[in-house]
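An overview of the molecular structure
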Amino acid sequence: MGQWNLAETTWGLAAEQYAVAVLPVGATEAHGPHLPYATDTLQCEALARRACQLADSRGARVLCLPALPYSVCENGLGFRWTMSLRPSTLFRVVTDLVASCEAHGIPKLLLLNGHGGNEFQPHLRELCRQTSVQLMLVNWWQVDREAHARLFVAPGEHADEMETSLMLALHPDLVHLDRAGNGATRAPRFTAMQEGWAWVARPWERLTIDGTVGDPTHATAAKGAAFLEALTEKLANLLVELANSLVDDWYPYQGR
Ligand SMILES: [Zn+2]
C-alpha cells in the first residue's frame, strides 16, 4: 500500500502487481474568462488521486496514472489557445496506453473521462476484443447525480457553477469570479435541435457568448468541496470493488 501514484513512485518501489489502473483524461481548453485552460485536467486528476489514495488506504491495489492533458476539443477551436486531438488520435493514444497496461500485467483499467467532448464508447467497443485488459469508462461529472442536484442551483455544461465550485475548492488562486459572465447561450434556429432529436457538433464560439455554458456566479468553494467528497467516496468504493473482483468467465456480471 502507499504506492498508488505512478508519477511520484520510483522504479523498484511500486507494488509487484496492481489490480486496477486509473487513467484520468483531461483537456486544454478555454473555460470562459474566469477558469484556467487546465480546468478539466486539474479536476479529473484531483478526483482520480483522491479516490486512488482512499482505495489504497482500504487495501485495494490501485495505480493512478498521470492525466492526459489533451483530448477532443474540435468544436472549441474557435477559442484561442484551445488545444485539440482529433477523436481518432485520442483513440490511438488510449490504445497505446492500454497496451502498456497489458504489457505490465494490469488486468483492469478505469478510464476516468474529464471532458464532455470525449466519446469513448465506440473506442471501447473496438478495443474490448483486442486486449486482455478489462476496460471501464466513467465520466466523472456523472458519478453522483443526486449530490449534483442537491448542491447546484444553476445546472450548466461548461465552466458552470459546478466546475467553478470545484476549482474554487481545488485552486482558488486560479479562479477569477469577478470576470465571469452569466453563461447564456444562443438558441438553435431549428425546432428539431430545440427538441433535442437533431444533433450537431456545436461550434462553441457561435453557441456561447464567452465560452461558458451555465451561470457560474452561484459557485462556492464549500459546494465544490462537498461535491468532491461525495465523488471521491463513490469512486473509491468502485475501485475497491474492481480491485477485489476476479476476472472470471462471468466478469463483470454475477456468476450463476
Ligand atoms: Zn470543463
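Residues numbered from 1 in each chain as written. Predicted model: local features only at pLDDT ≥ 70, side-chain atom pairs only at ≥ 80, totals over all residues. Heavy atoms only, no water.

Together, Y37, Y70, W81 and M83 line one region of the surface with nonpolar side chains, adding up to about 450 Å² of accessible area. Examined against the element boundaries, Y70 turns out to sit in the loop between β2 (62-64) and α2 (87-103). (Patch = residues over 30% accessible without salt bridge, like charges linked within 9 Å, V, L, I, M, F, W, Y side chains within 5 Å. Areas by Shrake-Rupley, 256 points an atom, 1.4 Å probe, with all protein chains shown as cover. Salt bridge = Lys/Arg side-chain N within 4 Å of Asp/Glu carboxyl O. Helix = DSSP H or I, 4+ residues; strand = E, 2+ residues; numbered from the N terminus.)

Under the counting rule described, the total for this entry stands at five salt bridges. The partner of R58 in a salt bridge is E233, with the nearest N and O atoms 3.2 Å apart. Placement of R58 in the loop between α1 (39-57) and β2 and of E233 in helix α8 (residues 221-244) is noted, with a sequence separation of 175 residues between them. Judged by its relative accessible area of 40%, R58 falls in the partly exposed class. A relative accessible area of 34% means that E233 is categorised as partly exposed. Notably, a salt bridge pairs R150 with E146, separated by 3.0 Å at the nearest N-O pair. Taken together, the residues R150 and E146, both in helix α4 (residues 145-151) and four residues apart, mark about one turn of the helix. The pair formed by R150 and E146 is uniform in burial state, with each residue classed as exposed. (Buried < 20%, exposed > 50% of the residue type's maximum accessible area, 1.4 Å probe, protein only.)

On to the coordination of the zinc ion. On the protein side, the zinc ion has H31 (NE2), D40 (OD), E163 (OE) and E163 (OE) as donor atoms, found 1.9 to 2.8 Å from it. For the zinc ion, the four donor atoms are set out with angles of 52 to 146 degrees between them, so the coordination reads as irregular. Counting the intervening residues between successive donors of the zinc ion yields the motif H-x8-D-x122-E. Of this pair, D40 sits in helix α1 while E163 sits in helix α5 (residues 161-170), and the two are 123 residues apart along the sequence. When its relative accessible area of 3% is taken as the criterion, D40 is described as buried. (Donors = N, O, S within 2.8 Å, 3.2 Å for Na, K, Ca; no water. Tetrahedral: all angles 85-135°; square planar, octahedral: opposite > 155°, others 65-115°.)

Attention now moves to the sheet that holds β2. If you trace the four strands from one edge of the open sheet to the other, you get β2-β1-β3-β4, paired in parallel fashion. Either end of the sheet is taken by a strand with one partner, and the two such strands are β2 and β4 (134-139). For this sheet the average axis-to-axis angle between neighbouring strands, irrespective of direction, equals 20 degrees. Note: strand β1 (residues 20-25) against strand β3 (residues 108-113), six bridges, orientation parallel. Within β3, the position partnered with A21 by the bridge is L109. (Pairing = 2+ DSSP bridges. Axes fitted to C-alpha atoms, helices over the stretch in contact; angles between N-to-C directions.)

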